[in-house]
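Examining the three-dimensional arrangement
Spelled out, the chains give:
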Amino acid sequence: MQNMTLFRKLITVVSLITATSVLLMPSVVSAQQGQPTIEQLLQEPFLDDYYSNVVYGYEIITDTQNNASRYVGNSLNCSNCHLQAGTQKEALPLNVAGMYPKWRAKNGKRNGIGLRIRECFLYSMDGIMPPEDAPEVLAISAYVSYLSQGQIMGAEPEGRGVPTLPDTGYDPNPANGRAVYLEQCASCHGVQGEGMAGMPPVWGLNSYNKGAGMNDIREAAGFIWANMPLGNGKSLSHQQAFDVSAYLNLQIRPSDPRDSKFLKLLEHLIN
Amino acid sequence: MGNWRTEIFAGFVGAILVIPQGITFAYLAGLQPEYGLYCAIFVTLFCSILGTSSMMSGPNTAVAILIGTAVLPLAGRGSPVYIDFVFLLCLMVGAIQLLFWLMRGARIFQYLSPAAISGISAGAGFLIIMSSLDSILDLSTFKTTFFYEKIYVIISDARDLVNPFSLFIGLCTIAGGYLGRRFSPRYFIIIAVTAGYLSGLLVAFIWPQPITELEYLGRMPLEWLPFSVPTINMEYLMISTKLIPYAITIAFIGLAQSLVIVRELKMETDQDINLDKEVYAQGLANLLAPFFSSFAGAGSFNRTKANQSLGATTPFSGIASAGFVLVLITFLGPILTYMPMAAMAGTLFIVGADMIKWRDIKHYAKVRAELVIYLATFVSIMFFGLATGVVVAVFLSVSVFMLRISQLELTVESSDSGVLLKVKGALFYASLAHLTERFHSHFGKNMTVDLQFTTHIDQSAVDFFIRESKHMAAHGARLTLLINDKQGHFLKKLGASSDIELVAL
């Protein structure tokens, strides 16, 4: 009889312990369950180091102004160019981890995705280059690898970068571009290219600088043709896209940090 | 109340001194620079408001290094989770320090010998120098177990690893600091920072950042009231049990430094200082720190000294300093953006080198035990880190202390009637061995033990006397104790009077 009660007590204790430990089990999402979506991750009360960095990276991409302001010199966010937080094809998607070497060459120690991210800070965000091991860079790298899940290493992901527009046979014409801009773009980006609430500036001291990929007429034309006017992409003709890119390219913007160091310093000190 | 103008000026100088420290110590703690500045504002402020002395609290090297070592294994440097854990750790530190206060624990710090404290400070200086090398040489982070491996890797791979631009700026800073000290011993850190900043501008003027790969401080998103609520949930708490040993070490080391400073102030000035209140102030300041986006701090030797030499005598200078940091940073912010990290690291190098004092080594070399404590602490910090070093320091100080007080001074006078043994010192379990030897070398003779100059007798000593007197009685000898009233009381209580002849003096 005594043994029975002891046994029952034991069972109760054991089941209590299991129950509490199940309740207290860390609800960490593990990689084996397949990839959780960002929305799921945002709901989680606790994330491990990798996923918390993924979420941090996502937050930096979508709100660079508040989450990585240390290295930013203009008023853009990464997601202004890498649309839909870097998930949209033909709008500079960020699922490109497989395209960059994972290893670090011994002397060219700074290549890989980290360098690319840091360059976008320097040129597209007109800021300063974060150090290689800055938390912001590591978080964005984690986010990039998260987006790249399922991609084949070394193979170009579908819709990478922006479409390359075929030559139209005519030189880009900024004067026509100005007309296109005023007609199609100024309603959102402002007549002076200054942007407005929710609309990023496309030139001026608060936009990307002259060293940015977007300041390349071909690159910009591809981006604009595929994505702009926002919500109505691919409505411009190729020639219109080239023209408006050439127009944007002529506007005032921060100098390229590579060729006018003094100007750049002044800009930074005044800004 | 001192002269308020003096206090305000001292606060202003304190603020200028603390800004580079806050930024670099945040780096040591693995955090973004603004957290160090918040620490310089809020920990200093709370500590001065709640405290009683003119001590300057705020970001502290040893505390910052320990925060870094504690949290780095748990999360990536500076990531949101990392910051969460730092805040949690600081909450624990504050709570433990308040526990010290509740238990009136300020006294136990008197047992940490000055040699141990100097050894810890020198060891921390060494760690600071090593970590400043990371930024001066712009090494991409690589891990080695022991420091000499790192030095070896740096030297053998210098051409690939070392960034010459960064090295140039670092050297300019250090040179500026040491030259500046000739002209202005008090403000030389500021001269060093300026030299580093200007050489950084020069480099940036000639080469663009993609070539130099220089690290800059960047814009600091500073708020005037950076409220934050530390995240506390089940998962965090389970992981954070790993932090507890560190929390205890940090709490201990932080208080030890603050109290050394306060005690010195108390001896050297006529401030009305309450040690317990200081413990309370430091503990509460650290407990509140995470709610204001800052990490834990402790008293600062160099800033308190500067403060003192400017004539500040009240906590008001600390409060003023906190305010000035806020104002200065708001105006300096844009200029600081282009501050090279190498310049910050250069000042860190100077701070670290100053903590290893040749004068200390010479001073402690005079007494062997002190030298052993100093060197053992220093070397164990070099090899095994600050936390281990602190444990070694505490252990050695307590051991030496025990060894010292277990030393008895015995004088023996032999005569025909027996032996008279005079005992000076404390008679307790640790010192009995010494006495036993003497007893056995005079075995068989009548023995009189004079306990007049014995400071303390414990139960094991009484047991010893009872045992010996029985033993002696069996061989026809007698034991007499010469005692005072208090001792008589104690001996009788333990039943010694039946076996031993007690003679009251």
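About the cut-offs
Residues numbered from 1 in each chain as written. Chains lettered and ligands numbered in written order. Predicted model: local features only at pLDDT ≥ 70, side-chain atom pairs only at ≥ 80, totals over all residues. Heavy atoms only, no water. Helix = DSSP H or I, 4+ residues; strand = E, 2+ residues; numbered from the N terminus. Buried < 20%, exposed > 50% of the residue type's maximum accessible area, 1.4 Å probe, protein only. Contact = heavy atoms within 4.5 Å. Areas by Shrake-Rupley, 256 points an atom, 1.4 Å probe, with all protein chains shown as cover. Lys, Arg positive; Asp, Glu negative; His and termini not counted. Charge placed at Lys NZ, Arg CZ, Asp CG, Glu CD. pLDDT = per-residue confidence, 0-100. Domains from an automatic or database assignment. Phe/Tyr/Trp six-rings, centres within 6.5 Å; stacked < 30°, edge-to-face > 60°. Lys NZ or Arg CZ within 6 Å of the ring centre and 35° of its normal. Buried area = accessible area lost by both parts, 1.4 Å probe. Salt bridge = Lys/Arg side-chain N within 4 Å of Asp/Glu carboxyl O. Nonpolar A, V, L, I, M, F, W, Y, C, P; charged D, E, K, R; others polar. Expected span 1.5 Å × (residues − 1).

Further remarks concern the overall build of chain B. Each helix and strand counted, chain B has 22 helices and eight strands in total. Judged by the C-alpha coordinates and their principal axes, chain B covers about 100 × 55 × 55 Å. Per-residue burial for chain B yields a buried fraction of 57% across its 505 residues. Look at the contacts in chain B between residues 6 or more apart in sequence, and 79% of them connect residues 24 or more apart. When the accessible surface of chain B is split by element, carbon and sulfur atoms take 66% of a total near 21700 Å². Seen as two clouds, the 33 positive and the 32 negative side-chain charges of chain B have centres 4 Å apart.

For the rest of this paragraph, the subject is the overall build of chain A. In terms of helices and strands, chain A carries eleven helices and zero strands. Sorting the 271 residues of chain A into buried and exposed places 48% on the buried side. A sequence separation of at least 24 residues applies to 62% of the contacts in chain A between residues at least 6 apart. Taken as a whole, chain A presents about 13900 Å² of accessible surface, with 58% of it coming from carbon and sulfur.

The next subject is helix 6 (residues 112-122) of chain A. When we look at burial in helix 6 of chain A, the residues that qualify are G112, I113, G114, I117, R118, F121 and L122 of chain A. Looking at the buried positions of helix 6 of chain A, the neighbouring elements they touch are helix 4 (64-67) and helix 7 (135-147) of chain A together with helix 10 (209-212) of chain B.

We now examine the confidence of the model for chain B. All names here are of chain B. Summing up the model confidence of chain B, the mean pLDDT is 85 and the portion of residues at 70 or higher is 99%. For chain B, per-element mean pLDDT is lowest for helix 7 (residues 158-161), which scores 77, and highest for helix 2 (residues 33-50), which scores 92. We note a pTM of 0.80 for the whole complex and an ipTM of 0.75 for its interfaces.

When its domains are assigned, chain B resolves into domain 1 (4-104 + 165-248 + 270-354) and domain 2 (409-504). For domain 1 of chain B versus domain 2 of chain B, the separation of C-alpha centres amounts to 58 Å.

Here we come to the packing of aromatic side chains. Residues and elements named next belong to chain B. Counted according to the given criterion, the structure contains 24 aromatic pairs over all chains. Ring geometry for F428 versus Y429: centroids 5.1 Å apart, planes at 75°, classification edge-to-face. Classification of Y429 by relative accessible area gives exposed; the value is 56%. An aromatic cluster of at least three residues, connected via ring pairs, comprises Y38, F42, F46 and F292. Just above the ring of Y27 sits the side chain of R77; from NZ or CZ to the centre is 4.7 Å. The residue whose ring lies beneath R181 is F188, and the NZ or CZ to ring-centre distance is 4.1 Å.

A separate point is the domain arrangement of chain A. Interfaces are often sized by the amount of accessible area the parts lose when they come together. All names here are of chain A. What the domain assignment lists for chain A is domain 1 (38-147) and domain 2 (174-250). The centre of domain 1, based on its C-alpha atoms, is set 24 Å off from the matching centre of domain 2. Across the contact, 14 residues belong to domain 1 and 16 residues belong to domain 2. For domain 1, the biggest contributors to the area lost against domain 2 are L76, E90 and Y123; these three give 37% of the whole. The tally of links between domain 1 and domain 2 comes to one salt bridge. Ionic pairing is found between E90 and K234, a salt bridge with its closest N-O pair at 2.7 Å. Broken down by class, the residue content of the side of domain 1 that touches domain 2 amounts to seven nonpolar, five polar and two charged.

As a further point, take the environment of D243 of chain A. Residue and element names in this part refer to chain A. Mapped onto the elements of the fold, D243 is located in helix 10 (residues 238-250). D243 sits in the buried class, given a relative accessible area of 3%. Between the C-alpha atom of D243 and that of C78, which follows or precedes it by 165 residues, the distance is 25 Å. For D243, the residues in contact, after removing those within four places along its chain, are D171, P172, N173, P174, N176 and G177.

Here we take up helix 4 (residues 80-102) of chain B. All names here are of chain B. Its 23 residues give helix 4 an end-to-end C-alpha distance of 33 Å, which sits within 8% of 33 Å, the value for a rise of 1.5 Å per residue. When you tally the buried positions in helix 4, you get 18 out of 23 residues, the bulk of the element. Where helix 4 ends, the next residue or the one after it, R104, has phi of about 50°, a positive value.

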